[in-house]
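# Understanding the architecture of this molecule
Now for the letters of each chain:
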Amino acid sequence: MIKSKNLFLIALFIITAFISTSESLTKLCFGLALFIYAMSVLEQSFSLMAGGILENFLKKATKKDYKSFLFGFISTTVMQSSGLVSVLAISFLSAGLISLMAGICIIYGTNLASATSAWIVGLIGLKMDIAHFSMPIFIFGAVLALFKDEKTKGAGLFIAGVALFFLAIAYMKDGFLNFKSTIELSKYALSGVLGIIVYALIGVFITALLQSSHASITLALTALASSQITYENAVSITIGANLGSTITAIIGSLKVNNEAKKLTITHIIFNLTTAVLTILLFNVFLKAVDISADLFGISQDDNILKLAIFQSYFNIFGVLLFYPTRRFMKIFLDRSFTKLNKKVKKTQKIYTAIYLNDEALKFSKSAKEVLIKEHIHLFNNVISIITKSISISSKDITGELSDEEVIAKRDKPMQIDFDELYNERFKNLYSQIIDFSIKASAIDKGEENKFFMDIRRSALIFAEILKDMRNAQPNFCRYMLSQNEFIKKEYNFLRLNLLKSIRIIKQIPESENFETMQKLLTELKLIMQNYNIIEWRDIDTLLYESKISSSMATSLMNDTFLVHSIVKNFIQIVKIAFTHYQERENKTKNLKA
């Protein structure tokens with residue numbers, strides 16, 4: 001049976017062979033492929049040149065709605081990549097570094113700025129013959145890209161990307177011009193409502209196929225420049241391209257968390273609503289473009305710049321519709337996902353990662369932030385399994401009863417399937433954290449690499465804790481029902497110390513200062529020392545006085561050792577968190593100094 005990958009390669013080979021039969025088609029498709037590659041190179045260049053700067057600036061520039069909007073608009077205008085800015089916003093929102101409102105405003109800003117690419121293509125790419133200079137510019141950029149220094153390499157990729165960008169436009173334009181000698185595409189022009197719908201659907205299809213609305217709009221501009229399509233049909237393709245970008249957004253959101261999905265829905269609602277209303281007001285928009293062209297001194301025959309005006313008005317119209325109602329959008333998204341989460345929780349048995357997503361991996365800061373949150377998620381699940389294993393409710397941990405009162409109250413064993421709890425609440429989530437931290441380590445070889453390694457180490461320690469608890473859990477249930485008050489008392493003592501440890505450990509993620517964390521660590525060490533004091537002496541005494549049997553003594557010795565090991569491992573995890581907390585505090589002090 002032929003695999004899907006092999007089928008794709010065979011189909012690609014056949015399509016390439018077909019394209020090569022026509023010089024015009026070859027030039028057009030080469031130009032299109034080169035354009036998409038150029039956009040990818042430009043995104044990569046900005047990641048290298050301004051990645052860290054952009055990340056730090058994003059956190060500072062999103063405290064107010066208008067600042068978030070301006071960040072989206074300016075950064076997209078400068079970088080000519082709404083994709084990179086959107087990815088940055090999604091990554092930081094997923095990690096909780098920016099608010100949902102800030103993310104919504106950034107998306108609105110990027111949508112408005114996406115019109116600038118139509119002006120660049122219209123004013124420079126098609127009006128000026130700069131393709132002649134593209135090759136030497138590309139050579140210069142390619143040489144710079146060979147340098148190891150990230151900033152120099154990024155600058156080189158940027159220069160090379162710009163050269164490829166305009167070279168691609170030239171090839172697309174030539175491809176359409178050569179088409180005239182064989183196929184006159186303008187013969188297939190459609191007018192009226194049918195033309196709007198058909199060519200809008202063509203725009204949707206091209207964008208979905210190429211995964212780039214920029215490429216679709218550039219294709220429409222070059223076809224219009226070559227008189228292969230009419231102005232009205234080019235406008236319809238532009239509407240379709242904006243609508244088609246929602247398909248790209250949907251595909252991109254399949255592996256992200258709920259917060260990132262909210263931004264995807266924002267993008268979809270923005271473009272879908274704006275596109276539908278623009279189609280309904282099609283003639284009004286065309287009239288507005290004609291009036292604007294006269295005001296700006298643009299000829300009525302200059303359909304290229306008129307299309308750029310239309311694209312600008314399309315996005316301005318969308319922003320005017322949605323920016324004033326941004327708070328209602330946030331309320332709608334929050335409420336919708338709250339209802340969805342409740343339904344998922346009712347049907348979901350296997351716990352999976354809440355915060356980890358591929359978008360967060362694109363920046364070390366967002367990767368670190370989501371790992372911290374997911375690690376706390378795993379930690380809470382581990383605590384939940386342990387509390388059930390010693391027949392204590394999770395509510396007891398945060399309740400007002402003292403440790404002794406909780407143990408006295410919970411004197412009946414909980415009937416649990418430890419393996420089922422392990423598979424549901426730990427195994428899958430643990431694997432996802434390990435996998436994500438390995439990927440993050442491979443991407444970031446710098447100062448955050450130690451953190452990613454420590455996350456893996458603490459996850460492995462959690463696995464060891466549960467392994468010890470699994471071995472001890474049956475005896476906790478067994479001896480809670482024992483008629484022997486002495487063995488029952490000893491196991492309640494173990495439960496008591498575990499409860500104390502859990503209550504202390506639960507405070508660690510909420511610790512906000514060095515002194516608090518240090519105090520909690522000291523308390524944990526004292527509990528562990530208690531095991532060393534009573535561990536063997538009391539057991540020997542009970543056995544000698546025949547208060548417990550030899551089998552009870554063996555079980556008690558083994559389980560005391562296991563509980564001691566659990567607390568010891570918890571201390572190891574606290575020490576790891578403690579180390580990184582100290583490093584963060586030192587960095588903060590150095591920055592302030």
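Calculation rules
Residue indices begin from 1 for each chain and proceed along its sequence in written order. Per-residue local features are limited, in this predicted model, to residues with pLDDT of at least 70; the limit for side-chain atom pairs, both in listing and counting, is 80 or more; totals at the level of whole chains, interfaces and linings are taken over all residues. Excluding hydrogens and water, the side-chain figures rest on all heavy atoms present in the structure. Numbering of helices and strands runs from the N terminus; a helix is a DSSP stretch of H or I covering at least four residues, while a strand is a stretch of E covering at least two. Working definition: with a 1.4 Å probe on protein chains only, accessible area under 20% of the residue-type maximum means buried, over 50% means exposed, and in between means partly exposed. For this analysis, residues touch if any pair of their heavy atoms sits within 4.5 Å. Computed with the Shrake-Rupley method and a 1.4 Å probe, the accessible areas treat only the protein chains shown as cover for residues. The term salt bridge refers to a pairing of a side-chain nitrogen on Lys or Arg with a carboxyl oxygen on Asp or Glu at a separation within 4 Å. The definition of a nonpolar core used throughout is a set of buried Ala, Val, Leu, Ile, Met, Phe, Trp, Tyr and Cys residues joined through side-chain atoms within 4.5 Å. Ring pairs are drawn from Phe, Tyr and Trp, using the six-membered ring of Trp, whenever the two centres fall within 6.5 Å, and their geometry is named by plane angle: stacked under 30 degrees, edge-to-face over 60, tilted for the rest. Within this analysis, patches are made of residues with over 30% relative accessible area and no salt bridge. Like charges are joined at 9 Å or less; nonpolar side chains (Val, Leu, Ile, Met, Phe, Trp, Tyr) at 5 Å or less. Angles shown run from 0 to 180 degrees and are taken between the N-to-C directions of axes, each axis being a line fitted to C-alpha atoms and, for helices, limited to the stretch in contact. Note that the term roughly parallel is reserved for angles under 35 degrees, roughly antiparallel for angles over 145, roughly perpendicular for angles of 65 to 115, and oblique for everything else. Helix crossings get a hand from a simple test, with the near helix turned counterclockwise from the far one by less than a right angle marking a left-handed crossing and a clockwise turn marking a right-handed one. Residues are grouped as follows: nonpolar covers Ala, Val, Leu, Ile, Met, Phe, Trp, Tyr, Cys and Pro; charged covers Asp, Glu, Lys and Arg; every other residue, Gly included, is treated as polar. What a helix should span is 1.5 Å times the count of its residues minus one. Across the chain, bend at a residue is computed as the angle between axes fitted to the seven residues ending at that point and the seven starting from it. Under the rule applied, a polar contact is a pair of N or O atoms within 3.5 Å (in protein, one hydrogen donor and one hydrogen acceptor; residues adjacent in sequence only if both atoms are side-chain atoms). You can read pLDDT as the predictor saying how much it trusts each residue, on a scale of 0 to 100.

A few words now on the overall build of the protein chain. Looking only at helices and strands, one finds 24 helices and 0 strands in the protein chain. Burial status across the protein chain gives 49% buried among its 593 residues. Taking contacts inside the protein chain between residues at least 6 apart in sequence as the whole, the part at least 24 apart equals 78%. For the protein chain, the computed accessible surface area is about 29600 Å², with 62% contributed by carbon and sulfur atoms.

So, about the pattern of salt bridges. The full count for this structure, using the stated rule, is 12 salt bridges. For D334, the salt bridge is made with K262, and the minimal N-O distance between the two is 2.8 Å. Here D334, found in helix α15 (residues 326–347), pairs with K262, found in helix α12 (residues 258–280); they are 72 residues apart in sequence, far enough to count as distant. A single salt-bridge network, built from bridges that share partners, covers D65, R326 and R327.

Core analysis: the biggest nonpolar cluster contains 71 residues, and F426, F462, I465, M469, F476 and F570 have the highest contact counts within it. Residue assignment for this core shows that the elements contributing at least two residues are α16 (364–389), α18 (403–409), α19 (418–443), α20 (449–480), α21 (485–505), α22 (514–534), α23 (537–544) and α24 (550–592). Considering every element that reaches this core, the biggest residue donor is α20, with 13 residues. Not counting chain neighbours up to four residues away, the residues in contact with F476 comprise S389, I390, M469, Y491, L494, R495, L498 and V563.

Let's shift gears to the environment of I397. Within the secondary structure, I397 sits in helix α17 (residues 394–398). By relative accessible area, I397 is classed as buried at 9%. Those residues in contact with I397, other than ones at most four positions away along the chain, are T387, I392, L499, I502, R503 and K506.

Following the criterion strictly, the structure yields 13 aromatic pairs and no others. Taking 5.5 Å as the distance between ring centres and 40° as the angle between the ring planes, the aromatic pair formed by F270 and F322 counts as tilted. In this pair, F270 sits in helix α12 while F322 sits in helix α14 (residues 303–322), placing the two residues 52 residues apart along the sequence. For the residue pair F270 and F322, the accessibility class agrees, reading buried in each case. Where F426 meets Y430, the ring centres are 5.1 Å apart and the plane angle is 20°; that geometry is what we call stacked. Of the two residues, F426 and Y430 both sit in helix α19, 4 residues apart, roughly one turn of that helix. As far as the burial class goes, F426 and Y430 line up, both buried. Connected via pairs of aromatic rings, a cluster forms that spans F285, F310, F314 and F317.

This brings us to a nonpolar patch on the surface. Residues L272, V276, L280, L281 and V284 make up a contiguous nonpolar surface patch of about 450 Å² in total accessible area. Inspection of the secondary structure puts L281 in the loop between α12 and α13 (282–295).

Contact pair α16 / α19: the axes reach a minimum separation of 10 Å and the direction vectors enclose 160°. One finds that α16 runs roughly antiparallel with respect to α19. Here α16 runs over α19; the crossing is left-handed. For the contact of α16 with α19, the class distribution of residues is 15 nonpolar, 6 polar and 3 charged.

For I237, the position within the fold is in helix α11 (residues 231–252). Between the C-alpha atoms of I237 and I197, which are 40 residues apart in sequence, the distance is 9.2 Å. Ignoring any residue separated from it by four or fewer positions in sequence, one finds I237 in contact with Y199, G203, S216, A220 and I229.

Of note, F138 is situated in helix α7 (residues 131–144). Residue class for F138 comes out partly exposed when judged on its relative accessible area of 33%. Placed 22 residues apart in sequence, F138 and A160 show a C-alpha to C-alpha distance of 4.4 Å. The residues touching F138, leaving out its near neighbours within four places in the chain, are A160, A163 and L164.

Turning our eyes to something else, we now look at unusual backbone geometry. Only a minority of non-glycine residues have a phi that is not negative, and only a minority of peptide bonds are not trans. Despite not being glycine, S391 shows a phi value in the positive range, around 60°. Within the secondary structure layout, S391 lies in the loop between α16 and α17.

Let us now look at α19. The end-to-end C-alpha separation of α19 is 36 Å, in line with the 38 Å expected for 26 residues at 1.5 Å each. At F426, α19 shows its maximal kink, close to 35°. Its side-chain oxygen placed 3.2 Å from the backbone nitrogen of D419, D417 serves as the N-cap of α19.

Helix packing for two helices is described by the angle between their axes and how far apart those axes are. Across the interface, α16 lies against α20 with an axial gap of 10 Å and an inter-helix angle of 5°. The angle between α16 and α20 falls in the class roughly parallel. Residues S364, A367, K368, L371, I372, H375, L378, F379, V382, I385, I386 and S389 of α16 form the contact with α20, whose own contacting residues are F451, F452, I455, S458, A459, F462, I465, L466, M469, Q473 and F476. Residue classes in the contact of α16 with α20 are distributed as 17 nonpolar, 5 polar and 1 charged.

On to the confidence of the model for the protein chain, then. For the protein chain, per-residue confidence averages 78 on the pLDDT scale, and residues scoring 70 or more make up 80% of the total. Here residues 585–593 is modelled with pLDDT under 50, and outside its nearest four sequence neighbours on either side it reaches 1 contact, counting other chains as well.

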